[in-house]
Amino acid sequence: MIATARYLTQPDSLDQRVIFITGAGQGLGRQAAIAFAQHGATVILAGRKQKKLEAVYDEIVASGLPEPLIFPLDLQKADEEEFKALAEGIYQQLGRLDGILHNAAAFDRLGPLEIHTAKEFELMFKVNVIAPFALTKACMPLLKMAPDASVVFVSSTTGHEPAAYWGAHGVSKKALEHLMQTWSLELEQFPQIRLNVVLPGAIQSPQRKKSHPGEVHADLPQADQLMDLYVYLMSAASKDQYGKILSPEA
Ligand SMILES: NC(=O)c1ccc[n+]([C@@H]2O[C@H](COP(=O)([O-])OP(=O)(O)OC[C@H]3O[C@@H](n4cnc5c(N)ncnc54)[C@H](OP(=O)(O)O)[C@@H]3O)[C@@H](O)[C@H]2O)c1
């Protein structure tokens, strides 16, 4: 069931918080990093492309917002040891972690399952499911220390409901939702940690251009329109959102 949430945010909603964002160099991840910083958070910008991360870093610093950290990270290659080292690095440098936005996603192509390959499935599952699992697991001790921690996984409607030709990408997004729901059940004794999924809907982004070539891209909403929901989910105001699959209110 898809829920909607009322977004109660204040300018300092994320004051003092440390939030890790995957795929922070472009699209929704870049916009989320800026929005979180604008609400007071120190953001950790993760992604494969250092130059793009540096551009987001520069934009945040130039606006006088809390200085971010950059963490080059390829979710396809990272293993549990790298995630463990990452969590230790966050603890040593910042001393806390209040949220993770699992925004990054691999997308290859649309096409019938009969032409998909097992290798494509491996890639989609590594980046879209296994890496979010392993990163969250490595950070769990830090998240358990936070006053209220929020882990947000980003799915899509073409994963939430089966959609022809979305192949490994769609199947991996459904698995991500199941991961969040299973973990939420297991964390019932830790009410200070909440896990939720967001279904962003159609939003302008580089990946969207690739996945929906027939669409008039400029007619879609821009990423900043989602940010009230994203900031809300990272803030203490969303403490009662737990184990949900949320889409923005119309
Ligand atoms: N835009 C939409 O309409 C829409 C709709 C439904 C769901 N979503 C979801 O929203 C999220 C953001 O998508 P977007 O539209 O903003 O796409 P985007 O602009 O292409 O961003 C995707 C991000 O994923 C990162 N990424 C891909 N493979 C990676 C890897 N192996 N390791 C680390 N990072 C990797 C990319 O970083 P690099 O710089 O390293 O390439 C990029 O920053 C995704 O989870 C997507 O499925 C978007």
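Residues numbered from 1 in each chain as written. Predicted model: local features only at pLDDT ≥ 70, side-chain atom pairs only at ≥ 80, totals over all residues. Heavy atoms only, no water.

Judged by nonpolar contacts, the single largest core of 39 residues is most densely connected at Phe20, Phe83, Leu97 and Leu143. Counting only elements with at least two residues in this core, the list comes to strand 2 (18–22), strand 3 (42–47), helix 3 (80–94), helix 4 (118–145), strand 6 (149–154), helix 6 (167–186) and strand 7 (193–198). The leading source of residues in this core is helix 4, at 10 residues. Other than its neighbours up to four places away in sequence, Leu97 contacts Val18, Phe20, Ile90, Cys139, Leu142, Leu143 and Ala146. Grouped together as the second largest cluster of nonpolar side chains are 32 residues, Leu28, Val43, Val56 and Ala223 included. (Core = buried A, V, L, I, M, F, W, Y, C linked by side-chain atoms within 4.5 Å. Buried < 20%, exposed > 50% of the residue type's maximum accessible area, 1.4 Å probe, protein only. Helix = DSSP H or I, 4+ residues; strand = E, 2+ residues; numbered from the N terminus. Contact = heavy atoms within 4.5 Å.)

With that settled, the discussion passes to the site of the ligand. As a matter of local geometry, the ligand sits amid 26 residues, with Gln26, Arg48, Asn103, Lys173 and Ser205 nearest to it. Contact distances for the ligand include 3.0 Å between a nitrogen atom and a side-chain N or O atom of Asp74. Take Ser205: an N or O atom from its side chain is 2.4 Å from an oxygen atom of the ligand. In the complex, the protein chains occlude 94% of the 880 Å² of accessible area that the ligand would expose alone. If you tally residues by element for the shell around the ligand, the top one is helix 7 (residues 206–211), at three residues. Grouping the constituent residues of the shell around the ligand by class yields 11 nonpolar, 10 polar and five charged. (Near = heavy atom within 4 Å. Polar contact = N/O pair within 3.5 Å; in protein donor to acceptor, adjacent residues only side chain to side chain. Areas by Shrake-Rupley, 256 points an atom, 1.4 Å probe, with all protein chains shown as cover. Nonpolar A, V, L, I, M, F, W, Y, C, P; charged D, E, K, R; others polar.)

Right, let's talk about the packing of aromatic side chains for a bit. As enumerated under the stated definition, the model contains five aromatic pairs in all. Look at Phe107 and Trp166: their rings are 5.6 Å apart centre to centre, the planes differ by 45°, and that puts the pair in the tilted class. You can see Phe107 sitting in the loop between strand 5 (99–102) and helix 4 and its partner Trp166 sitting in the loop between helix 5 (157–160) and helix 6, a full 59 residues away along the chain. Neither residue differs from the other here; Phe107 and Trp166 are each classed as buried. (Phe/Tyr/Trp six-rings, centres within 6.5 Å; stacked < 30°, edge-to-face > 60°.)

Here the focus is unusual backbone geometry. Phi at Gln16 is positive, roughly 75°, even though this residue is not glycine. Assessed through its relative accessible area of 56%, Gln16 is described here as exposed. Phi is positive for Tyr165, which is not a glycine, with a value near 75°. You can see Tyr165 is positioned in the loop between helix 5 and helix 6.

For any two helices packed against each other, the geometry is given by the interaxial angle and the distance between the axes. The interhelical angle for the contact between helix 1 (residues 27–38) and helix 8 (residues 227–234), taken along N-to-C directions, is 60°, at an axis separation of 10 Å. As far as their axial angle goes, helix 8 and helix 1 are oblique. In this structure, the crossing between helix 1 and helix 8 has a hand that is right-handed. Residues Leu28, Gln31, Ala32, Ala35 and Phe36 of helix 1 touch helix 8, and the partners they reach there are Met227, Tyr230, Val231 and Met234. Looking at side-chain class alone, the contact of helix 1 with helix 8 contains eight nonpolar, one polar and no charged residues. (Axes fitted to C-alpha atoms, helices over the stretch in contact; angles between N-to-C directions. Parallel < 35°, antiparallel > 145°, perpendicular 65-115°, else oblique. Left-handed = near helix turned anticlockwise from the far one by under 90°.)

The values reported here are purely geometric and, on their own, carry no functional implication.
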